Structures are given as structure tokens and as C-alpha cells.
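Read off the chains here:
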Amino acid sequence: MIAKTSSFYDWVYDWVDERLGVSDLAAFARKKTVPVHAQSFWYYWGGISLFLFVVQCFTGVLLLVYYRPGADSFESVRQITYVMHFGWLIRSAHSWSANLMMFSILVHMFSVYFMKAYRKPRELGWLSGMALLGIASVFGFSGYLLPMDELSYFATKVGLEIPVAIPFVGSAIANFLRGGPDVTEFTVQRFFALHVVVLPALFLPLLGFHLWLVQKHGNAMPPSEEAKPASERKTMPFMPNFLRKDIAMWLISLNVLALLASVFPWQLGKQYDALAPAPLGIHPEWYFMSPFEMLKMLGTVLPGAVGEIAGILLFTLGIALWILIPFYDSSRDSGRRGRNAHCFGLVAVILLLATTAIGYWTVR
Amino acid sequence: MNYPFWDIPRLGSGWVIGLIAIFHVMISQFAVGGGFYLPLAERKAQRMKDAKLRADWMDQLAKHSKFFLVLTAVFGTVSGVGIWFAIGLTHPEATSTLIHNFVFGWAMEWVFFLVELTTIAVYYYTWNRVDEKLHLKVGWVYAGASVATLVIINGILAFMLTPGDTWIGVAGTGHEASKFWNAFFNPTYWPSLLLRTCVCASLAGIWALITASRIDGEKHPELKTSKVQWSVKWLVPSFVAMPFLMMWYYAMVPASQKALLTLGIDTINSGTFSTVTRMALIIIVTSATIIGVAYFLAYRNPRDFNLAHAMAVLLLALMATGAGEYSREMLRKPYVIGRWMYSNGVRVPYVERINREGYLAHSQWVWKGAGSNGTASNYSRGEAIFRGECGSCHTLKGYRPLADMLAGRDRSNIQNFVMMLHENKPDSPYRKFMPPMTGTQQDVDDLTDFLNAQVNPVSTPGSKAVLTAQR
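Parameters and conventions
Along each chain, residues carry numbers from 1 onward, in the same order as the chain's sequence is written. Working convention: letters from A go to chains and numbers from 1 go to ligands, in the order in which they are written. Predicted model: local features are reported for residues with pLDDT of at least 70 only, side-chain atom pairs are reported and counted for 80 or more only, and whole-chain, interface and lining totals are derived from all residues. Strands are runs of DSSP state E lasting at least 2 residues, helices are runs of H or I lasting at least 4, and numbering of each runs from the N terminus. The exposure label follows from counting other C-beta atoms within 10 Å of a residue's C-beta, where the C-beta atoms are placed from the backbone and the thresholds are 20 or more for buried and 12 or fewer for exposed, leaving partly exposed in between. Distance between backbone-placed C-beta atoms decides contact: two residues are in contact if it is within 7 Å. Each domain's extent is set by a domain assignment, obtained either automatically or from a database. Under the convention used throughout, the expected extent of a helix is 1.5 Å for every residue step, that is, one less than its residue count. One fitted axis covers the seven residues ending at a residue, a second covers the seven starting there, and the bend at that residue is the angle between these axes. As a per-residue measure, pLDDT tells how confident the predictor is, with possible values from 0 to 100. Think of it as three bins: nonpolar holds Ala, Val, Leu, Ile, Met, Phe, Trp, Tyr, Cys and Pro, charged holds Asp, Glu, Lys and Arg, and polar takes everything else, Gly as well. Working convention: axes come from line fits to C-alpha atoms, limited for helices to the stretch in contact. Angles between N-to-C directions cover 0 to 180 degrees. Each angle receives one of four descriptions, namely roughly parallel if under 35 degrees, roughly antiparallel if over 145, roughly perpendicular if within 65 to 115, and oblique otherwise. A crossing counts as left-handed when the near helix is turned anticlockwise from the far one by less than a right angle, and as right-handed when that turn is clockwise. A set of buried residues qualifies as a nonpolar core if it consists of Ala, Val, Leu, Ile, Met, Phe, Trp, Tyr and Cys joined through C-beta atoms within 7 Å.

Visitor: What exactly am I supposed to notice about the overall build of chain A here?
Guide: Scanning chain A from N- to C-terminus turns up 15 helices and two strands. Taken over the C-alpha atoms alone, chain A extends approximately 75 × 60 × 35 Å along its principal axes. Within chain A, the fraction of its 364 residues that count as buried is 30%. In chain A, of all internal contacts separated by at least 6 residues, the share reaching a separation of at least 24 is 77%.

Structure, rendered in C-alpha cells:
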């Protein structure tokens, strides 16, 4: 009986292997190793981001079953939150995992930055990662509006006024995004299409590319590890050791998510009323707080249109420098450039944390 | 109302019990499960043929028993006494009822405590000093005593949810203690006992993983592998039996309380009304994760199992235990003792009398001085009523904050709300969770005045007349 079962499995394995080449993949996975050192902890954050993205897809599809964009959007989210069985849980999990995903992507980005994992030959990994972060933040911005409650309506309204500052084409861009001069149900319709069709269509292939690059080049070692002779470096096999730890991290993330979604279920505000005054303390989501605050501060220093344009220019320049860092600090022999990049990273972290803190402080 | 009201701003008095109790349960249930773990592990070691492994196991067990002694005999006992202090201050009426009913139960429990504390000390200090068989016997005496404490306290805890018809029949007659055994072996006694037994076994395994994780896997591979794997097996009873025991427990819970559990399936409306469901979800997720992590990280990969992993499992167990105890407490709402005493200490049959005579009629604890001639002002009466009737579950600003919950309402709106709680009509959604607001129309007005002064401070100038207790 046992022999029979195993021969059946062998037959299935051979059948699949002949057609898909699974054994090559398994051989590759067996050979793959992950460096072990004091900073290994930071390797998990890419995996955590990926896991949370999967949660996003799963809960997002479930929300699609009941969500109705357009004039009905608030009512449908109300039904999901207060009427459908476990609808509140799916919605809470979707919103919380979105926030946790943004957080873990940021941690992942900064850990990659400070481990200098963007250096040759990993430049494309860095660039694709930055593009993924960009798309993820558009996911966040577009998803935020979908319930059309008071807060999401006014926050989106404020957010969509930022591009207006761009000279010449600003208003046209803003109108295009809004589907008119105001945020209306047409905006929701647009954002919905963006959120569930356009962005996934861009994100998924790019994510595939990003993951393929990670497999191709393996995990980068931080400079302190690279300095050691090869005999002193430790590694662990990816299969099963690292994968097992990765799964444990996913389980922990799932628990954190379950805890947040259950103890602090995502609330739904009042239905938006375009004629009502904006409620006090309107502010963007935390991951947009820093740019929002920086623009606001520049606006105080340089009042009027000049300040807005200068703000946007400065901001674009900062992001461009950040994205292009692999071409400035390109290899382990970069020396002085490497140290400069490190300082630039520290300044970015401090600026991000400080402006976010000031943002929340002044909003109250 | 024969007692002063203990006000804990922001946190709320309920959480004082909650925080101490969750900490205590984590340790006390370990004390019970670990009570069996130690002699069983020692017996296993004694039967080992490999002399080195045997010596290593014994050595490691001695270390584990030191950890066990410190944790249970110091932190377990101190937090246990802490619970007595906390419940006596926050729920004097309920504590009094329980003592009147179960005084002999507790007397027995304390005897077993003494045996427990003595034997665990003897067990630890006689490692390698007395005959092996005698040492093992001491371990078994400890195990017996510790399980006896669970057998007793479980009866009292289960009683608070389901006192049973027989006891309810004599409640208030002065002959409650005559139905001691009916109250003790109440409808949820057995499922609750078995559930807790499973939890005890799991906690014994989980805490043992903490000490086992610290064994150096490279120096002592065999010891670490066998110790970690054997400890993980202690989670198996929970894994197998827990779902069935949960269903049994659920079946024995009264329909009115079951409704609380299902309420949160389709809504998060009104926050607290659906917390039981949400907490139950956390128990399921964390328990499932513990099993997964214990199997994949510990059982399949024992040599690499380190302290951080063990702490993660312990933290998950803390979350599961916390959520479990919290849901058990919430499931009792609106009572502290099912069908007999509301969660604010008002006995169910006394409601009519209080409505007739006034909530503060028999209270010695009303502040005086704000009114003329040293009489109680509306405001201070209102505050006393707030502390007595609302304070068990609410704070003004903090946990379940009334100032926030009532924000946006004017005085008449607040009064309507208090009136709705006072009338406690059968179709009121609050009835499932909250006790009625008891008292006369004057009491309703005084409470309204006090709450209104908190929610709309400008509208009642000079209202902050008396805030300190003056008798």
C-alpha cells in the first residue's frame, strides 16, 4: 500500500516536472543561502510587505463583492461595516493591512538603503522597489476616498489641491484626477477604476520583476559583513530554514493585524456633505504627513504661488536624488560617496520623522 | 451602597482587576500545569537509559524548577493577593456575596495553597539531597495540591456566569450557603474546568519552552531536541480538545449571553456591544498561531529554537489568555453574578426598591457641602450616582469615556439617554449589556446634571463646586 502511494506521488511529480521543470526550481532553492549576521533581522521586511500585499488582494476582492462605487459608495460601505456578516472584519483588515504594508515597505526601503543593497548589480531592484512604493502610495490615496465619508472626502479634496500648484498644467491635472472641478461621485468612480484595475495591472508585473531580481542576485550583505573574509561569514539555507522563519514572521504579522483589526475596528464617519464646512483637524494619512507638512512649512517661509512651486520643485528634487542614489554610490569602493549617501539617508530619516511629528502636533 | 466607591480616573477600576488578573492567570495556570510537568519530566528522566542525557535532563529540570518556584511562589502569590485587594475595592458587593457563599471553598483553597507553597520549596531545595523516589513523591503532592486549587476556584468563577436555578431560588433569603454544591457545580463548571485544564497544560509547555530555549543547541543537541520536543507535546491536548470544549462551554452559556457573542458578527456598531465577538476572534487566531509556531519552529527545528521565539510564543499565549479572560468577563454582562447582581453591584430584585426610595437613600457615601447648610448638592449627588452606577465600567475621560460618548448632546438629550437606561425597556439595545439606571426621578436629574457638566462645561458655570470627598 505504501509503495503504491509513493509511486503515485512519484508519477504525479514526474508528470508536473516534465512539463514545468519543478526539479530545477527545487535544486535552485536548495542551493540558495541567506547571510546570517547581526543585521539579518532586516531581511524579513520585504517578505512581510509581500505578505501584507497578499492580505490586501484577498480582502480587497472580498470587499469588491459588496462595494458599489459612485453615488452608492457610502451606503455600500455602511452595509459592509454594519450589516454584512464579518464585513467589518474584512474592511478593518484591509485598511489596517494597507497601513501596516506602507510601514513595512518604508522599513524595507530604509534597511535596503542603509545596508547599501542598491549598489551594483542591484540598481534595478532599487528602482523597481521605488516604483512599487510610488504605486503603493497611490493605492493608499485612491483607496482612502472610496468610503466617501466626511474625513475621506475632505482629505482627498485637500490632497487634490496640491497638484494645482504645478505651473501651467496643474489645474488640468487636478481636474483630470477629480473628473471635474470638485470631488464628486465621478471622482470615486475614477479612483475605483484606478484602485482595482489600473494600479494592480501596474503593480503585479513590477512586483514579479522585483522578486525575480531578489532571487537572481540574492540578499545583499551590509558593508560591515562584506569587509570580513569569506571564511568568517555565516549563511543559512533558504530552504527550509529561512523560509520557515519568514513564515513565522508572516504569522506574527497576521496576529498583529488580527489584533488591530479586532480591537480597533476601522470606523466609518458620517456621509460626506459637500456643502458642509470641513471638519476640524483634516489631515492626510500618516505616510503623506511628512510631504504635506514640508509643503506647508515652505508655504509659510515663501508665501503665495512662489512657495508652492518652490516646495514642489524641492520635493521633486529630493525624491529624484533618493531614487538615483545607486548611480552616485555605485559600488563598495565608493568611499567618500558611500559616506555621503549614508549621511543623506540619515538626514532623510530625521526629516521624515520630524516633519511627521510636527505635522501631527500642529494638526491638533 | 454600603461601601465607598473607588474611583480610578482614566483607567477605570475594572482594568485594575483586569491587569492584575490576566497577569495572575498566566502564572497561576502555569503553576497548575507545571505542577504536572515537573514530576512527569522527572519520571521520564529517571527512566532514561542514556546516563549522560539523564543527568542533563535532571540538571535542566532543577534549573526549570527554580524558575518555576520564583515565578509561581513570588509573582503568582503576590498577584493573587492583589486580586483580593482589587476586587474588594472595586466590587465590594459582589465580593461580599461570593464570600458569604463560598467561604468554605476559599478556606479549602488556602489550605491547598499552603501545601503548594511548602511542597514546591521542598521540591526545589531537595534536588539531589533526598532519595529520588521521595523527591518525585514531593512533586506529585505539589501537583495534587495545585490542581485542587484550580478545581475550587473554577467553581467560583463559573458560578459568576451561571449561578444555576437552584441557587437563584434561594438567593437573598440568607440561606444561600445551603446550596453551596449546586452553586459550585453550576452549568458551566465542567466545560470550564476542562478548558482551563487544557490551558494549564499548554502554559506548562510554553513556559518550559522558555527555559528549554536557553539550552545551547550546539553544545547539548540531544538535550535541547528532546526537551523542546517533549515540551511542545504539552500543547497537544489543547490542540485536539479545545474546539470541542469551546462548543460545550458555548452550549451551556445562557441564550441571553450567547446573543452577546453573536452580536459582533455583523456589526461594530456602538463599540463595546461587539467586543466579545472580536475578542473571541483574537483567541482563535492567536491559539492557531501558537500551534503553528510551536510545531514549525520548535518541534521541527528544536536546535535553532531560541529565546526570542519562545518569548513570541509566550506573548501570543498572553494575548490569548488576556482575550479569553476578557471575553469571559464581558460575556457576563450586564451582570457580575448572573441574573442576581448587575455589574454595578445592584442586586436585581432591589431595583424596584431603589427606584422607589432613591439610589443614595441607604448610602453613607455622599459628599456634602456644596448646598446650603451642608446638604448634598445636585452635582455631588450626581457624582456619587455616577461613581456607583456607571463607574464599574466607565470613566469620564479614558477607558469607555462618558464625556466622549455623550459628546455632542445637550442636557435634554443626555437626560433622554439616562431616562432610556432607567426605563430599561425590553426592546432597548442597551439592556443586553448594561444594567438599568436605578433611582428616582431626582436621581435621574442629578446624574444628568453631573454628566452635562462634564460634557458641556460652559453651560453650567460654577458647577465644579465639590470634587473631593468630604464626609
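Here the narrative resumes, following the displayed structure.
Visitor: Whenever I open this one, the overall build of chain B confuses me. Can you help?
Guide: A tally of regular secondary structure across chain B gives 17 helices and two strands. Judged by the C-alpha coordinates and their principal axes, chain B covers about 85 × 45 × 40 Å. Within chain B, the fraction of its 471 residues that count as buried is 45%. Within chain B, counting contacts between residues at least 6 apart in sequence, those at least 24 apart form 75% of the total.

Visitor: I tried to follow the environment of A:Gln39 on my own but got confused; where do I start?
Guide: Residues and elements named next belong to chain A. Inspection of the secondary structure puts Gln39 in the loop between β1 (33–36) and α3 (44–66). Note: C-alpha distance between Gln39 and Gly159 (120 residues apart in sequence) is 37 Å. Contact partners of Gln39, with chain neighbours within four places excluded, come to Met115 and Pro222.

Visitor: Explanation requested: the environment of B:Ile99 in the structure shown.
Guide: All names here are of chain B. Topologically, Ile99 is positioned in helix α3 (residues 92–125). Judged by local crowding, Ile99 falls into the exposed class, with 12 C-beta atoms found within 10 Å. Sequence spacing of Ile99 and Gly322 is 223 residues, and the spatial spacing of their C-alpha atoms is 25 Å.

Visitor: Would you take a moment to explain the domain arrangement of chain B for this structure?
Guide: Accessible area lost upon the coming together of the parts is a frequently used measure of interface size. If you check the domain split of chain B, you get domain 1 (13–252) and domain 2 (354–459). On a C-alpha basis, the centroid separation for the pair domain 1 of chain B and domain 2 of chain B is 41 Å.

Visitor: Quick question: what am I supposed to make of helix α9 (residues 185–217) of chain A here?
Guide: The α-helix advances 3.6 residues per turn, and as a result positions three or four apart in sequence lie on the same side. All names here are of chain A. Across its 33 residues, α9 extends 46 Å between first and last C-alpha, which sits within 8% of the 48 Å expected from 1.5 Å per residue. Where α9 bends most, the angle comes to about 40°, and this point is Pro200. Along α9, the positions that sit buried rather than exposed are Thr187, Val188, Arg190, Phe191, Phe192, His195, Val196, Phe203 and His210. Remark: Gly218 follows α9 within two positions and exhibits a positive phi of approximately 70°.

Visitor: Where do I start with the confidence of the model for chain B in this structure?
Guide: Detailed reading of the predicted model is not advised wherever pLDDT is low. Residue and element names in this part refer to chain B. Across chain B, the average pLDDT comes to 88, with 93% of residues at or above 70. Note on residues 459–471: pLDDT under 50 across the span, and 19 contacts to partners over four residues away in sequence or across chains. In the model output, the complex is listed with pTM 0.82 alongside ipTM 0.74.

Visitor: What is the right way to look at the interface of chain B and chain A in this model?
Guide: Every contact between the two is made by 19 residues of chain B and, on the other side, 18 residues of chain A. Sort the elements by how many residues they give to the side of chain B that touches chain A and helix α11 (residues 275–299) of chain B lands first, with ten residues. When grouped by side-chain class, the residues that make up the side of chain B that touches chain A number eleven nonpolar, six polar and two charged.

Visitor: Looking at this model, I keep getting lost on the domain arrangement of chain A. Mind explaining?
Guide: All names here are of chain A. Per the domain assignment, the segments making up chain A are domain 1 (40–272) and domain 2 (283–364). Each of domain 1 and domain 2 has a C-alpha centre, and these two points are 20 Å apart. Taken together, the elements giving at least two residues each to the side of domain 1 that touches domain 2 come down to α5 (87–114), α6 (123–145), α7 (150–159) and α10 (223–226). The element that contributes the greatest number of residues to the side of domain 1 that touches domain 2 is α6, accounting for seven residues. For the side of domain 1 that touches domain 2, the per-class residue count stands at 15 nonpolar, three polar and five charged.

Visitor: How should helix α2 (residues 51–90) of chain B be read in this particular structure?
Guide: Residues and elements named next belong to chain B. Look at α2: 55 Å from first C-alpha to last across 40 residues, which is about the 58 Å you get at 1.5 Å a residue. Taking the largest bend as the criterion, α2 deviates by roughly 25°, centred on Gly76. For α2, every residue scored as buried is listed here: Asp56, Trp57, Gln60, Leu61, His64, Ser65, Phe68, Thr72, Gly76, Ser79, Ala86 and Thr90. The inward-facing, buried residues of α2 abut α1 (13–46), α3, α7 (189–213) and α8 (221–232).

Visitor: Teacher, can you tell me more about the environment of A:Glu225 here?
Guide: All names here are of chain A. Relative to the helices and strands, Glu225 resides in helix α10. According to the C-beta neighbour criterion, Glu225 is partly exposed, with 18 such atoms within 10 Å. For the pair Glu225 and Met115, spaced 110 residues apart in sequence, the C-alpha separation works out to 9.8 Å. Beyond its immediate stretch of four places on either side in the chain, Glu225 contacts Pro35, His37 and Arg233.

Visitor: Any chance you could explain the packing of α6(A) against α7(A) here in plain terms?
Guide: In a packed pair of helices, the relevant descriptors are the angle between the two axes and the axis-to-axis distance. Residue and element names in this part refer to chain A. Look at α6 against α7: their axes get within 8 Å of each other, and the N-to-C directions meet at 135°. Our classification of the angle between α6 and α7 gives oblique. Contacts from Phe141, Tyr144 and Leu145 in α6 reach Ser152, Ala155, Thr156 and Gly159 in α7. Classifying every residue of the contact of α6 with α7 gives four nonpolar, three polar and no charged.

Visitor: When you look at the packing of α1(B) against α2(B) in this model, what are you seeing that I'm missing?
Guide: Residues and elements named next belong to chain B. The interhelical angle for the contact between α1 and α2, taken along N-to-C directions, is 155°, at an axis separation of 7 Å. Between α1 and α2, the angle falls in the class roughly antiparallel. Note on packing geometry: the crossing formed by α1 with α2 is left-handed. Residue composition of the contact of α1 with α2, grouped by class: 20 nonpolar, twelve polar and two charged.

Visitor: What is the right way to look at the nonpolar core in this model?
Guide: Grouped burial of nonpolar side chains is what soluble globular proteins tend to show. Counting residues in each nonpolar core, the largest one holds 170 residues, and the members touching the most others are A:Met101, A:Leu257, B:Leu203, B:Ala204, B:Leu209 and B:Val313. Among all residues touching B:Leu203, those that are not within four sequence positions of it are B:Gln29, B:Phe30, B:Gly33 and B:Ala317.

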